[in-house]
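Structural description and commentary
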Amino acid sequence: MKSIGVVGSGQMGSGIAQLAAVHGLHVWLLDADPDALSRASKSISTNIHRLISKGHLPQGVGTDALARLQCTSNLEDLRDVDIVIEAIVESEDVKKKLFLELDRITKRSAILASNTSSISITRLASATSRPSQVIGMHFFNPPPIMKLIEIVRGADTSDATFYTVKALAERFGKRVICSKDFAGFIVNRLLMPMINEAFYALYTGVATKEDIDTGMKLGTNHPMGPLELADFIGLDVCLSIMKVLHAGLGDTKYVPCPLLVQYVDSGRLGRKTGVGVYDYRKGSEPAKPSARI
């Protein structure tokens, strides 16, 4: 592979774009919002220069990576790329609409990958005329640092697509785990019910948020407590994944906690809004986390 399109310039998209550029691919980073693109470009440049200054990245590699990165708001610019990875909002309808457009625009040999953390790859592939070339490529945040990529095969994903994407992930220096196309895949099927149960513990008055998080950090050696992690992920994302799990698996144990629903309804989404389970506006922020699902 020589070229890649990354759709969505948020934390995940910009991190994937940075990773791909550093590893020798020509990168088109696309977002409909020019301001978001500008922020992403500055963030990638800052991150690469920081890696250079700390001796983690040779000067020439970093300079070449930045030269290979191009930002665009025009989907047509992705027509010749070898693979597109979408990292947009976690909504099946929105993703399907994008895949329909990508199927129309990109060359017939291009692979279409989704960074979704829970949505069915088979259903996303159904929006295209190339379901054998659609696959899940779930990165973890921040993509340049986190060592894992979760690859998800849809019902029609071909062996050729799977092995090509696996080779790309390994080229990025990642450890690959493979999941069948079930709701939540591997990581979020295990993680999100734990976070949801932490909300139930808070909701029913079992303990304070601080004691719930401290119990999991010191009692089970987790780097972050589940409520703190939920704030970092985004409570809206957690709720969306719980809804996918409940709809896809049909078990009442996946019903989202009413407190989680209430927080999202009130706009308390976590770090990105300044308040979630914790209030970051008042300086009550817990220790800075290092990773996001």
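Residues numbered from 1 in each chain as written. Predicted model: local features only at pLDDT ≥ 70, side-chain atom pairs only at ≥ 80, totals over all residues. Heavy atoms only, no water.

**Describing the UniProt feature "site: Important for catalytic activity" (unreviewed entry) in the protein chain**
Spelled out, the test is: UniProt positions are given in the numbering used here, feature names are shortened, and annotations may be inferred rather than shown by experiment. Segments assigned H or I by DSSP are reported as helices when at least four residues long, segments assigned E as strands when at least two residues long, and all are numbered from the N terminus.
When the UniProt feature table is mapped to this numbering, "site: Important for catalytic activity" (unreviewed entry) covers His-138. Mapped onto the elements of the fold, His-138 is located in strand β6 (residues 134–139).

**Side note on the environment of Val-264**
Here is the rule: Residue burial is assigned from relative accessible area. The probe radius is 1.4 Å, only protein chains are included, and a residue is buried under 20% of its type maximum, exposed over 50%, and partly exposed in between. Here, residues are in contact when the closest pair of their heavy atoms is within 4.5 Å.
Relative to the elements of secondary structure, Val-264 occurs in helix α11 (residues 258–265). Taking the relative accessible area as the measure of exposure, Val-264 reaches 18% and is therefore buried. Val-264 sits 25 residues away from Leu-239 along the chain, and the two C-alpha atoms are 7.8 Å apart. Setting aside residues no more than four positions away along its own chain, Val-264 makes contact with Leu-235, Asp-236, Leu-239 and Leu-269.

**Let's talk about the packing of aromatic side chains**
The line we're drawing: Any pair of Phe, Tyr and Trp rings, taking the six-membered ring for Trp, is counted once the centres come within 6.5 Å. Such a pair is stacked with planes under 30 degrees apart, edge-to-face with planes over 60 apart, and tilted for the rest. Each ring is checked for a lysine NZ or an arginine CZ that lies within 6 Å of its centre and within 35 degrees of its normal; such an atom marks a charge sitting over the ring.
Under the counting rule described, the total for this entry stands at 3 aromatic pairs. With a centroid separation of 5.0 Å and 70° between ring planes, the pair formed by Phe-162 and Tyr-163 is classed as edge-to-face. Relative accessible area serves as the criterion here: at 7%, Phe-162 is assigned to the buried category. Note on Tyr-163: relative accessible area 54%, which makes it exposed. Aromatic pair Phe-199 and Tyr-263: ring centres 6.2 Å apart, planes at 80°, arrangement edge-to-face. Residue Phe-199 is found in helix α7 (residues 187–203), and its partner Tyr-263 is found in helix α11; the two are separated by 64 residues along the sequence. Its end group placed over the ring of Tyr-263, Arg-268 keeps NZ or CZ at 4.3 Å from the ring centre.

**Points about the state of the cysteines**
Quick reminder of the rule: The rule for a disulfide is simple: a pair of cysteine sulfur atoms within 2.5 Å.
This model, assessed by the stated rule, comprises 0 disulfides. Left without a disulfide partner, Cys-257 is nearest to the cysteine sulfur of Cys-238, which lies 12 Å away.

**What about the pattern of salt bridges?**
As a reminder of what qualifies: The term salt bridge refers to a side-chain nitrogen of Lys or Arg lying within 4 Å of a carboxyl oxygen of Asp or Glu.
Under the defined criterion, the tally for this structure stands at 15 salt bridges. The salt bridge involving Glu-228 is made with Lys-217; its shortest N-O contact spans 3.4 Å. Of this pair, Glu-228 sits in helix α9 (residues 226–233) while Lys-217 sits in helix α8 (residues 209–220), and the two are 11 residues apart along the sequence. Using a relative accessible area of 2% as the deciding quantity, one classes Glu-228 as buried. We classify Lys-217 as partly exposed; its relative accessible area is 25%. A network of salt bridges, in which partner residues are shared, links Glu-76, Glu-101 and Arg-104.

**Some points on the pairing of strand β5 (residues 111–114)**
Residues in a regular strand project their side chains so that they alternate between the two faces of the sheet. Operational definition: Note on pairing: two strands pair once DSSP finds at least 2 bridges between them. Call a crossover right-handed when, viewed with both strands pointing away from you, the route from the first strand across the helix to the second goes clockwise.
Judged by which residues are buried, β5 turns out to be covered on both faces: Ile-111 and Ala-113 on one side and Leu-112 and Ser-114 on the other are all buried. In terms of strand pairing, strand β4 (residues 83–86) meets β5 through 4 bridges, oriented parallel. In the sheet register, Glu-86 faces β5, and the bridge partner there is Ser-114. For the segment spanning β4, helix α4 (residues 92–105) and β5, crossover handedness is right-handed. As judged from the 3 bridges shared by β5 and β6, these two strands associate in the parallel manner. Each bridged residue has a counterpart across the sheet, and for Ser-114 the counterpart in β6 is Gly-136.

**Quick notes on the nonpolar core**
Across soluble globular proteins, you tend to see nonpolar side chains buried next to one another. Going by this rule: Buried Ala, Val, Leu, Ile, Met, Phe, Trp, Tyr and Cys residues that are joined via side-chain atoms within 4.5 Å together make up what is termed a nonpolar core.
With 51 residues, the main nonpolar core has Leu-78, Met-192, Ile-195 and Phe-199 as its most contacted residues. Elements that contribute at least two residues to this core include exactly β2 (26–30), α4, α5 (121–125), α7, α9, α10 (235–249) and α11. Considering each element in turn, this core owes the most residues, 8 residues, to α10. In contact with Leu-78, not counting residues within four places along its chain, are Gly-5, Val-7, Trp-28, Leu-30, Val-84, Leu-102 and Thr-106. Counting residues in hydrophobic clusters, the runner-up holds 36 residues, among them Ala-20, Ile-111, Met-137 and Phe-139.

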